[in-house]
Amino acid sequence: MFSNPRYAVGFMAVLVATFTATPIWASGPVSEAAGPSVVLPAGGRLDSPDGPGKPKPVKPTIVLVHGAFADGSSWQKVTESLQRDGYTVIAAANPLEGLAQDAARLSSTIAPIEGPIVLVGHSYGGAVISQAAEGNPKVKALVYIAALIPDTGEQVSALVARATTSQLGPALVPTNYTNADGSTGTQLTVNPDKFRDVFAADVPADVTRVIAAQQRPTDAAAFSSVPTAAAWHTIPSWSLIARQDLALSADLERFEADRAHSTTVEVDSSHVPMFSQTKAVTDLIIDAANSTAR
């Protein structure tokens, strides 16, 4: 390897010195130029700000559940914000097939998660998290974003009917479909020409054109569903009310939040504050997440 014996001897000396020296992590302070270092106390555990001996609180996993006519990409900006804050985030796929199926799928999604969970639902996703969280001790907080929050036995469509200023109904386009077994059903989409006015008037037009094109059909059965559980009776909740919501209505959202005894904030937003009021949405979720460590 080395043609000159002096170089070979020098190289071996460096190797010996390297592997017999005191390990860098035991040799005292490390200069800032080498990057920050963390020295664990006896027991290998970081103390909480609450005092010595108390373990540092574990951040909950945040599970985001989209509503009707949407998919997980509707949470992109919120997901990025939460990840920057160090949270593990799952933007769950909501099948939009009906409340029983959708809640069962969400329950399966969160079942393997270890540690505390915060469930966040937008629009119809609020009904889904309310049912899926029932009886799950890992779910520590429910967050509703311009959401439907039905009670047990309260048909989703009956709750929507209370939204007297909603413009959603006339904007819906029904399409019949046939399943492989021959059974039929009806799925709903939002007329792309009306999408921005009803859903996202405060979001740039070029963005709403893409959202409208990417919308996922929602089975009409989702709105005729009747919840079998409402976990907000036993799990603390937070609600964000969108004052300019024309898909639901601010009055409906206030009624629901008051009934659920939610910690509530209001913002000047359309039905999709995840796009137009990302910070307010993120801050509310973090407030709920912090509550799990109190």
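Some remarks on the pattern of salt bridges
In step 1: Scanning the entire structure with this criterion turns up six salt bridges.
In step 2: Residues Arg243 and Glu266 are paired through a salt bridge, measuring 3.0 Å at the closest nitrogen-oxygen approach. With Arg243 in the loop between β10 (237–242) and α10 (250–259) and Glu266 in strand β11 (residues 263–267), this residue pair connects regions lying 23 residues apart in the sequence.
In step 3: Among the residues examined, Glu266 registers a relative accessible area of 30% and is labelled partly exposed.
In step 4: Close ionic contact of Arg254 with Asp251 constitutes a salt bridge, the shortest N to O distance being 2.9 Å. Here the residue Arg254 and the residue Asp251 both occupy positions in helix α10, the gap between them amounting to three residues, near one helical turn.
In step 5: Of the residues examined, Arg254 reaches a relative accessible area of 32% and is grouped as partly exposed.
In step 6: Counted as one network, the salt bridges with shared partners bring together Arg243, Asp251, Arg254, Glu266 and Asp268.

Some remarks on the layout of surface pockets
In step 1: A volume near 300 Å³ is recorded for the largest pocket.
In step 2: Along the walls of the largest pocket sit 18 residues, with Ser73, Ser74, Ile211, Gln214 and Phe275 positioned nearest its centre.
In step 3: Every element with two or more residues in the lining of the largest pocket is listed here: α2 (76–84), α7 (192–199) and α8 (205–214).
In step 4: The leading source of residues in the lining of the largest pocket is α8, at four residues.

As for unusual backbone geometry
In step 1: Backbone geometry at Ser123 places phi at a positive 55 degrees, although glycine is not the residue there.
In step 2: Secondary-structure assignment places Ser123 in the loop between β5 (117–122) and α4 (125–132).

What to know about the side chain of Thr61
In step 1: Secondary-structure assignment places Thr61 in strand β3 (residues 61–65).
In step 2: For Thr61, a relative accessible area of 9% gives the class buried.
In step 3: With sequence-adjacent residues up to four places away left out, Thr61 is seen in contact with Thr88, Ile90, Ile113, Pro116, Ile117 and Val118.

Some details on the sheet that holds strand β4 (residues 89–92)
In step 1: The strand order across the open sheet formed by six strands is β4-β3-β5-β6-β10-β11, and the pairing between neighbours is parallel. Because the sheet does not close on itself, it has two edges, and the strands there are β4 and β11. Geometrically, the sheet is characterised by an average inter-axis angle of 15 degrees between neighbouring strands, direction not taken into account.
In step 2: One ladder, built from five bridges, connects β3 with β5; its direction is parallel. Directly across from Val63, in β5, lies its bridge partner Leu119.

Examining α10
In step 1: When we look at burial in α10, the residues that qualify are Ala250, Leu252, Glu253, Glu256 and Ala257. The arc that holds the buried residues of α10, viewed along the axis, is 160 degrees, so those residues lie on one side. For α10, the exposed residues lying more than 90 degrees away from the buried face are Asp251 and Asp258.
In step 2: The inward-facing, buried residues of α10 abut α5 (156–160), β10 and β11.
In step 3: At the exit of α10 stands His261, carrying a positive phi of roughly 55 degrees.

Here is what the cut-offs are and how they apply
Residues numbered from 1 in each chain as written. Predicted model: local features only at pLDDT ≥ 70, side-chain atom pairs only at ≥ 80, totals over all residues. Heavy atoms only, no water. Salt bridge = Lys/Arg side-chain N within 4 Å of Asp/Glu carboxyl O. Helix = DSSP H or I, 4+ residues; strand = E, 2+ residues; numbered from the N terminus. Buried < 20%, exposed > 50% of the residue type's maximum accessible area, 1.4 Å probe, protein only. 1 Å grid on protein atoms, 1.4 Å probe; cavity = no way out; pocket = protein on both sides within 12 Å on 5 of 7 lines; lining within 4 Å. Points joined across faces, edges and corners; volume = space filled by probe spheres on them. Contact = heavy atoms within 4.5 Å. Pairing = 2+ DSSP bridges. Axes fitted to C-alpha atoms, helices over the stretch in contact; angles between N-to-C directions. Arc of directions from axis to C-beta.

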